[in-house]
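Structural description and commentary
Listed below are the residues making up each chain.
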Number of protein chains: 2
Amino acid sequence: MHSLDAATRLTRISCRRLRGATCPAYWNFGGPFGGVTAATLMRAVLEDSSRQGDPVSITVNYTARIAEGDFDVLSRLIRTGRSIQHWYVELVQGDVVAANATLVLANRSKTWGHQSARAPAVPPPQALAPLSADNRSAFVGQFEFRFVGGAPEFRAEFDGQPRTARSEVWLNNAVPRPWDFIGLTTASDLFFGRIYFVQGTVFPIATVSLSAYFHIGSAGMAALGNRALLGVADANVFEDGFFDQTAQLWTADGRLVATTTQIVNYRA
Amino acid sequence: MHSLDAATRLTRISCRRLRGATCPAYWNFGGPFGGVTAATLMRAVLEDSSRQGDPVSITVNYTARIAEGDFDVLSRLIRTGRSIQHWYVELVQGDVVAANATLVLANRSKTWGHQSARAPAVPPPQALAPLSADNRSAFVGQFEFRFVGGAPEFRAEFDGQPRTARSEVWLNNAVPRPWDFIGLTTASDLFFGRIYFVQGTVFPIATVSLSAYFHIGSAGMAALGNRALLGVADANVFEDGFFDQTAQLWTADGRLVATTTQIVNYRA
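Basis of the calculations
- Residues numbered from 1 in each chain as written.
- Chains lettered and ligands numbered in written order.
- Predicted model: local features only at pLDDT ≥ 70, side-chain atom pairs only at ≥ 80, totals over all residues.
- Heavy atoms only, no water.
- Helix = DSSP H or I, 4+ residues; strand = E, 2+ residues; numbered from the N terminus.
- Rg over C-alpha atoms; globule rule 2.2 N^0.38 Å.
- Buried < 20%, exposed > 50% of the residue type's maximum accessible area, 1.4 Å probe, protein only.
- Pairing = 2+ DSSP bridges.
- Least-squares fit on C-alpha atoms with pLDDT ≥ 70 in both.
- Contact = heavy atoms within 4.5 Å.
- Salt bridge = Lys/Arg side-chain N within 4 Å of Asp/Glu carboxyl O.
- Phe/Tyr/Trp six-rings, centres within 6.5 Å; stacked < 30°, edge-to-face > 60°.
- Buried area = accessible area lost by both parts, 1.4 Å probe.
- Polar contact = N/O pair within 3.5 Å; in protein donor to acceptor, adjacent residues only side chain to side chain.
- Core = buried A, V, L, I, M, F, W, Y, C linked by side-chain atoms within 4.5 Å.

**A few points about the overall build of chain A**
Across its full length, chain A carries five helices and 14 strands. The C-alpha radius of gyration of chain A comes to 18 Å, within 12% of the 18 Å expected for a compact globule of 268 residues. Considering only C-alpha atoms, chain A reaches an extent of 55 × 45 × 35 Å along its principal axes. For chain A, the proportion of its 268 residues judged to be buried stands at 59%.

Written out as C-alpha cells, the structure is:
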C-alpha cells in the first residue's frame, strides 16, 4: 500500500461515520500535513456508495489543531441533482470539529472546451535537482520537489526586502503513485507558504481555508500516469495576519488539471 | 433602506434559524443573483450575537435552484479559536438545501504586510460609459458596470473563435452604498460568466461553488466609502461542462480588497 493511501485510509464505523488516524510520515510543524487531511475528507466521499460522479471542487477549512491519533469523519449528502452532487464532511476528535469541507461532484459530459491559460516554459523535471529532505517537517520527505531555478534558500531572518511570491516546481510523490483525486487533492496543498518565498525565511504558519478545483475527470486521469506535475504558485497580498496563495497544477504537455487557492494565517 | 439590504434581510425565528425571501429586484436567469444569496448567508453570521471578528473567507455552494419566495437560513458555529472562528450555514426551502456555505472570521491584528500583486493601469470610472440595463436579468440594473475598453458586445451565436477571458470593469451599486462585507460578498459574484467573453455570446450558466477572500478588515472598510471598485476577472479553462473564474477587487488607489474564485457549470 502506498504511504498516501495508508495515511488517508478510513474504516467505516456506520453508514456515514468513518474512522481514520493521523500518520507520522505526513507530519508537519504542528499537525498532519493539510493536503493529507483534505485528501482524507475527499476519500470519505469517494468511498461512499451514494457518490455520483467525479470531484469538481473541494473547500476544506482547518478549524482546530488535529491531535496525533484517531479521528472520525462524518459525511452528509446535501443534494443530488441531475448531474451535480453536493456533500458536507467533518473531521472530529472528541467533541471538537478539527476540519470541515464542502465538496461538489459531477457526472461530466463532453462539451466545447478551451484552455485560455498557458503553462510557462520551464525545463523538464529530470533537468532539475530534487529538494533534499527537510528535517523540520516529515511530510516533505514523502514528495519530490524540483524547483525551477533551484531550491529556495531560506535564512534565519527576513532582511526586510520582499522577494517574488511566485515559484515553479515539479511535484510528485517520492514513491511515484498514479494520479487520482486523492493525489491531486493532496498536491493542491503542496506549495510551501508564499511568505517563505517573499521573506526568504521559514516559520510556522497555518492554512485556514483551501479550495481546489479539478479540471479533469476520471477518464482523463489515466493519461497522467504517475509523472510529475508542474506547480505554479503565487500570492497577491499579505495583510494583518493573513495571506492568500493561488496555484495551478499542469501536466508536462501543458494541460491544466487543477487550480487551487488558500488563505493562510501568519504572525510576522 | 438600500435595495441590497432589503434583499439580504433576515428575521430571526429562533437562535440559529433566520427567515428571508427572494427579491425580484435581484433576479437572474433562473433564480436569485448568486452574489445576493452569498451575501444573505454572510449576513446570517454577521448578525449572530456569537460572531467574533471580521470575515476572512466564505465558500458558497449553490446546491439547488432557489424558488421565488421564503427561505430559512440555519447557521452552526463550528469552532471559536483564539482569534479565528468557523461557521457552517445552510439556506433551506422545505426539505431542500438550496445553498450551503462555510465561513472563516478572524480578529485581525496588525502584522508585517506586503501587496505583491499590482492593480492594472486603467482609466478612472468617470471616463468610461456605464453599461446600459440588461433586459434579461433584473439584477444587472442594481449595479453600475463601467467596462474598460467599452461594454462587451454579445452576438446570437459563438463564431468558433475564442476571445480573451479577461476583463476589467469598475463596479458599484447603482445606488451607491458604503462598502461592507455584505457589499463585498455580493460584488465577488458580479463578474459576468467568462464563457460570455470567450464565446462572445450569452446563455444560461450556473455558478456551482464560489469562494471569496477578504483582505481588509472593518477598520479599513471605512476608507472605501461608496466609490467604485475595479474588478479584474479571468478564467483558466473550460472543459466538459465546467469553467473556472478568478477575480480581484481593487480600490482606485491600488489596494486589493478581495479575491474570488468560482466554478461554473455550462452546456455549450
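**Structural notes on the pairing of strand β14 (residues 256-265) of chain B**
Residue and element names in this part refer to chain B. In terms of burial, β14 is a largely internal element, 10 of the 10 residues being buried. Sheet topology note: the strand β13 (residues 242-250)/β14 ladder contains nine bridges and is antiparallel. Paired with Gln248 across the two strands is Thr259, which belongs to β14. Linking two consecutive strands that pair antiparallel, namely β13 and β14, is a turn of five residues; a positive phi of about 85° is found at Gly254 within it.

**A few points about the relation of the copies chain B and chain A**
With an RMSD of 0.0 Å, the operation that places chain B on chain A is a rotation of 180° combined with a shift of 0.0 Å along the axis. The superposition operator between the copies reduces to a two-fold rotation axis. A shared binding surface is used by both copies, with 100% of the interface residues of chain B retained as interface residues in chain A.

**Details of the pattern of salt bridges**
Inspection of every chain in the model, using the stated rule, returns 30 salt bridges over all chains. Here A:Arg43 and A:Asp5 are joined by a salt bridge, their closest N and O atoms 2.8 Å apart. In this pair, A:Arg43 is assigned in helix α2 (residues 34-46) and A:Asp5 in helix α1 (residues 3-7), connecting sequence segments 38 residues apart. Grouping residues by exposure puts A:Arg43 and A:Asp5 together as buried. With a shortest N-O distance of 2.5 Å, B:Asp72 and B:Arg17 are connected by a salt bridge. Taken as a pair, B:Asp72 in strand β4 (residues 70-80) and B:Arg17 in strand β2 (residues 17-21) lie far apart in primary sequence, 55 residues in all. Classification of B:Arg17 by relative accessible area gives partly exposed; the value is 30%. Several salt bridges converge on common partners, so that one network encompasses A:Asp5, A:Arg43, A:Glu47, A:Arg177 and A:Asp180.

**Some details on the packing of aromatic side chains**
Tallied over the full model, the rule gives 33 aromatic pairs over all chains. Taken together, a centroid distance of 6.4 Å and an interplanar angle of 70° make the contact between A:Phe139 and A:Phe143 edge-to-face. There is no split in this pair, since A:Phe139 and A:Phe143 are both buried. Considering the side-chain rings of B:Phe154 and B:Phe197, the 5.9 Å spacing of their centres and the 80° angle between planes classify their relative orientation as edge-to-face. Here B:Phe197 lies in helix α4 (residues 194-199) and B:Phe154 lies in the loop between β8 (143-147) and β9 (167-173), a separation of 43 residues in the sequence. Owing to a relative accessible area of 28%, B:Phe154 belongs among the partly exposed residues under this scheme. Site record: aromatic cluster; members linked through ring pairs are A:Tyr26, A:Phe33, A:Phe139, A:Phe143, A:Phe145, A:Phe147, A:Phe154, A:Phe192, A:Tyr196, A:Phe197 and A:Phe203.

**Concerning the environment of A:Tyr62**
Looking at where A:Tyr62 falls in the secondary structure, it is placed in strand β3 (residues 54-62). Between the C-alpha atom of A:Tyr62 and that of A:Ser14, which follows or precedes it by 48 residues, the distance is 24 Å. When residues no more than four places from it in sequence are discounted, the contact partners of A:Tyr62 are A:Gly34, A:Gly35, A:Thr37, A:Ala38, A:Ala98, A:Asp189, A:Thr207, A:Val208, A:Leu210 and B:His86.

**Digging into the interface of chain B and chain A**
Counting from both sides, the interface comprises 63 residues of chain B and, opposite them, 63 residues of chain A. Counting each side, the surface lost to burial between chain B and chain A is near 5,300 Å², with a carbon and sulfur contribution of 56%. Considering only the side of chain B, the residues that lose the most area to chain A are B:Trp112, B:Asn236 and B:Asp240, jointly responsible for 13% of the buried surface there. For the interface between chain B and chain A, the tally reads six salt bridges. Salt-bridge contacts for B:Glu239 lead to A:Arg255; the nearest nitrogen and oxygen are separated by 3.3 Å. Scanning the region where chain B abuts chain A turns up 34 residue pairs in polar contact (both at pLDDT 80 or more). When residues of the side of chain B that touches chain A are assigned to their parent elements, the largest contribution, seven residues, is made by strand β6 (residues 96-106) of chain B.

**Examining unusual backbone geometry**
The residue A:Asp240 is not glycine, and still its phi comes out positive at about 50°. With respect to the secondary-structure elements, A:Asp240 resides in the loop between β12 (237-239) and β13 (242-250).

**A short note on the pairing of β3(A)**
Residues and elements named next belong to chain A. Within β3, nine of the nine residues are buried, which leaves the element mostly enclosed by the surrounding structure. Relative to strand β10 (residues 206-214), β3 is paired through five bridges, and the arrangement is antiparallel. Looking across to β10, one finds that Ile58 is bridged to Ala212.

**Comments concerning the side chain of B:Gln93**
All names here are of chain B. Turning to its location among the elements, Gln93 is positioned in strand β5 (residues 84-93). In this structure the side chain of Gln93 is engaged in a polar contact, spanning 2.8 Å, whose partner is the backbone nitrogen of Ala67. From its side chain, Gln93 meets the backbone oxygen of Asp70 in a polar contact 3.0 Å long. Once you skip the residues sitting within four places of it in the chain, Gln93 turns out to touch Arg65, Ile66, Ala67, Gly69, Asp70 and Phe71.

**Observations regarding the nonpolar core**
Of all hydrophobic cores here, the largest spans 68 residues; its most connected members are A:Tyr26, A:Leu103, A:Phe145, A:Leu184 and A:Leu249. It is α2(A) that contributes the most residues to this core, eight residues altogether. Among residues more than four places away in sequence, those in contact with A:Tyr26 are A:His2, A:Ser3, A:Leu4, A:Ala7, A:Pro32, A:Phe33, A:Val36, A:Phe139, A:Gln142 and A:Phe143. Counting 67 residues, the second-largest nonpolar core is a separate cluster that includes B:Ile66, B:Leu105, B:Met221 and B:Val264.

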